[in-house]
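Next come the chains, spelled out residue by residue.
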Amino acid sequence: MHKIFTVTVLLLLSLRLSAQQSGPVSERPAYFIYTAGERTDKKLKVLLISTYIYRAKNFSFPSDKISIGMSLDFSSTILQIERDEKLFPADYDNITFSAVKVNDLYGNYQQWNATHQYHDEVTQHDNSLSALEKIRVALINDYQKHGYRVYQVNFSPQTNGANQTSYSIYDEKAGTYRKTEFDNLEPLSPLWIPPFKKGDIKEQLARIGGSVSSSPGVLVIESTGKSQQNTSKSSKSTSSGSSSSTDPDKWKREADARMWEAAMLEAKGDTLYNMGTLFYMQALEQYNAAQRAFPSARVQAKIDNINALANFAKALNNGMKQVDEGVEKLDPHKKTRHAYFFVNYTGLLSSYSKIANPNDHAAKGVFLGVTGHRTFFSFEARLGYVVSPVYEYNVIDVEKRPAANTVRIQQNSAALGLSLGLNIPIRNVVIYGMYGFECMMTTGQKILTAGYHVDETPTYPYLLTKFTFGTTFRIPRTRIGIGVQYNLNSITGEDDGASAIIDEKAPAEHYYLYSTTNEKYKFNNGGISFCWSF
């Protein structure tokens, strides 16, 4: 039984962790900036790319103005580099950079990804940030294959500079403009892409030389064959003085190979992790392998997360094992053991007004689960469908002023629950009391106040807690059991965070759900279970 309990707790933990993560954060717009340049004779080609991927911090919708602002800011940086790195009088002997490109990615990256040339490595498990990181790696590799020298530029959007209006977004809810803020994420490793330093391009141009040089009274065209011959002699001289020729790009190729290996292993780990708790240890093996191939803080955070869960599970498993051993000593013949698969309906005796609140309700639930009772200790895990009490929300306008009306909404949810408690076993009957909770994942809603509708799912309470008192009777000489329960339920109210709601009498006005009118919703109900012992 303790194994079932442990797995259930881990499932609830992973569910809660995913519920705590802010979904929109991972899907906020993300950007990186780059430009490519070359000499006219193509003897030198350079790609300059921003060190970071930038993700908007304080809003969750795309804006073309941001791409424009970033392009203008990065262009200023590139123009300065062009001026600083000019070695020859003639422009065709120097590097000339093309227009700056801003690669951006919003939440709906899959639609964008379907028509993009760098999409093979992106999977449905990537968010906008991880997808854009893979696209950046593919883009760099593509330019390197075409002979470009790649440098990273430590650039930051100039939100307070000449193009600051490009970073100002109008907030309809607040009725004012606010400035975009950015997180600088996923920096390029200097072991893979060297940072650009003043003089790097000049140095390369000096090695190549100009396509045309002059001597007194004579115009001399450089001899490519002679240059190659000198290079060959130099190469031979170097090889004779050393057992192996120097290969300055070897470490880059090795780092590139390790990075791609690590990315592949991490993607496998992500796939296993998203399959659920039972696959966490297999995911951990892939993450550890990825970290050995090419270390990163991102992968280490994933390793630390799984290790923390694994350590908790181990401690929980050991504790439950000790409980099992103690129970086995008290009842070696398992005369007090009651373990059932069950189907349960909860919703009988509902009477919200008798407990704490005048609002009506028709809360109910249907569950499938497993329950166990053994020598005073009870445990229950369940998965089901829940209809909540009727929540009443305050409404505010665009100026955050309370509106005259409130809106009544009922939530429909999938639920995963766990309860623990004590029992008294009497032959084929067990009497128990348990305390537990249900994590509710919204599947729909019903607006009970006429004249209103919503275009998005509001923020609902996610946690229901309850005391359960019940008894289960097992029919002698069968595996069939019948149980009845009485529940005292409690749901904490929620601040919605201002989801838009439409007043059909004034559709042009902007109204938002603000918070539930009650801090706590309490109600009682009864239930009946049909059980099969195992």
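Sequence order as written defines residue numbering, which begins from 1 separately in each chain. The model is predicted, so local features are restricted to residues of pLDDT at least 70 and side-chain atom pairs to those at 80 or more, both for listing and for counting; the totals for chains, interfaces and linings are taken over all residues. Computation of side-chain values: all heavy atoms of the structure, hydrogens and water removed.

Caption draft 1: Local environment of the packing of aromatic side chains. Between the rings of Phe, Tyr and Trp (Trp by its six-membered ring), a pair exists once the centres lie within 6.5 Å; its type follows the angle of the planes, with under 30 degrees stacked, over 60 edge-to-face, and the other angles tilted. Tallied over the entire structure, the rule returns 15 aromatic pairs. Both rings, one in Phe-74 and one in Phe-155, keep their centres 5.1 Å apart while their planes meet at 80°; by these two values the pair is edge-to-face. One end of the pair, Phe-74, is in helix α3 (residues 64–84); the other, Phe-155, is in the loop between β6 (149–153) and β7 (168–171), with 81 residues separating them in the sequence. Like Phe-155, Phe-74 is buried. On the numbers, 6.3 Å between centres and 35° between planes, the contact of Tyr-391 with Tyr-460 is tilted. Linking Tyr-391 in strand β14 (residues 377–397) with Tyr-460 in the loop between β17 (452–454) and β18 (463–474), this pair joins segments that are 69 residues apart in sequence. What makes Tyr-391 buried here is its relative accessible area of 0%. Three or more aromatic residues joined by ring pairs form one cluster here, namely Phe-32, Tyr-34, Tyr-143 and Tyr-148. Only runs of H or I of at least four residues qualify as helices and only runs of E of at least two qualify as strands under DSSP, and these elements are numbered from the N terminus. Type-normalised accessible area, obtained with a 1.4 Å probe on protein chains alone, sets the label of each residue: buried when under 20%, exposed when over 50%, and partly exposed for intermediate values.

Caption draft 2: Geometry of the environment of Arg-479. As for its placement among the helices and strands, Arg-479 is situated in the loop between β18 and β19 (480–492). On the basis of relative accessible area, Arg-479 is assigned to the partly exposed category, the value being 44%. For Arg-479 and Ser-533, which are 54 residues apart along the polypeptide, the C-alpha to C-alpha distance reads 5.0 Å. Not counting residues up to four positions away in its chain, the partners in contact with Arg-479 are Cys-531, Trp-532, Ser-533 and Phe-534. The contact criterion used is simple: two residues touch if any of their non-hydrogen atoms lie within 4.5 Å.

Caption draft 3: Inspection of the environment of Asp-304 at higher detail. If you trace the backbone, Asp-304 turns up in helix α10 (residues 297–330). The exposure class of Asp-304 is partly exposed, given its relative accessible area of 44%. As a C-alpha pair, Asp-304 and Leu-284 span 20 residues in sequence and 9.4 Å in three-dimensional space.

Caption draft 4: Geometry of a nonpolar patch on the surface. Put simply, a patch holds well-exposed residues, over 30% relative accessible area, that have no salt bridge, with like charges counted together within 9 Å and Val, Leu, Ile, Met, Phe, Trp or Tyr side chains within 5 Å. Throughout, the Shrake-Rupley method with a 1.4 Å probe supplies accessible areas, and for residues the shown protein chains are the sole cover considered. Here, a salt bridge means any Lys or Arg side-chain nitrogen found within 4 Å of an Asp or Glu carboxyl oxygen. Taken together, Phe-341, Phe-473, Ile-475, Ile-480, Ile-482, Phe-530, Trp-532 and Phe-534 make up a surface patch of nonpolar side chains, about 760 Å² in accessible area. Those elements that provide at least two residues to the nonpolar patch are β19 and β22 (520–533). In this fold, Phe-534 is placed in the segment after β22.

Caption draft 5: Focus on unusual backbone geometry. Of note in this structure, Lys-42 is not a glycine but carries a positive phi near 60°. With a phi close to 50°, Glu-186 is a non-glycine residue in the positive phi region. Along the polypeptide, Glu-186 turns up in the loop between β9 (182–185) and α6 (200–208).

Caption draft 6: Spotlight on the confidence of the model for the protein chain. Per-residue confidence from the predictor is reported as pLDDT, a score between 0 and 100. Scored by pLDDT, the protein chain has a mean of 77; 74% of the residues are at 70 or more. Per-element confidence in the protein chain is highest for strand β2 (residues 45–50), whose mean pLDDT is 95, and lowest for strand β11 (residues 218–221), whose mean pLDDT is 40. Predicted confidence for residues 15–24 stays below pLDDT 50, and this span has 7 contacts to residues more than four positions away or in other chains. Overall, residues 351–358 carries pLDDT values under 50, and its contacts beyond four positions in sequence, including any with other chains, amount to 14 contacts.

Caption draft 7: Seen up close, the nonpolar core. Throughout this description, the term nonpolar core refers to a set of buried Ala, Val, Leu, Ile, Met, Phe, Trp, Tyr and Cys residues connected via side-chain atoms within 4.5 Å. One finds Phe-32, Tyr-34, Leu-47, Ile-49, Ile-140, Tyr-143 and Trp-192 to be the most contacted residues of the largest nonpolar core, which totals 39 residues. For this core, the secondary-structure elements that each account for two or more residues are β1 (30–38), β2, α5 (128–145), α8 (250–274), α9 (280–293) and α10. Among the elements that take part in this core, α5 stands out by supplying 8 residues, more than any other. Domain limits in this description derive from either an automatic procedure or a database domain assignment. Here this core spans two domains, and each of domain 1 (28–158 + 166–199) and domain 2 (259–301) adds at least three residues to it. For Phe-32, the contacting residues outside a window of four places in its chain are Ile-49, Ser-50, Tyr-52, Ile-53, Lys-101, Val-102, Asn-103, Leu-132, Arg-136 and Leu-139. One finds Ile-33, Phe-74, Phe-196 and Ile-201 within the second-largest nonpolar core, a separate group that totals 24 residues.

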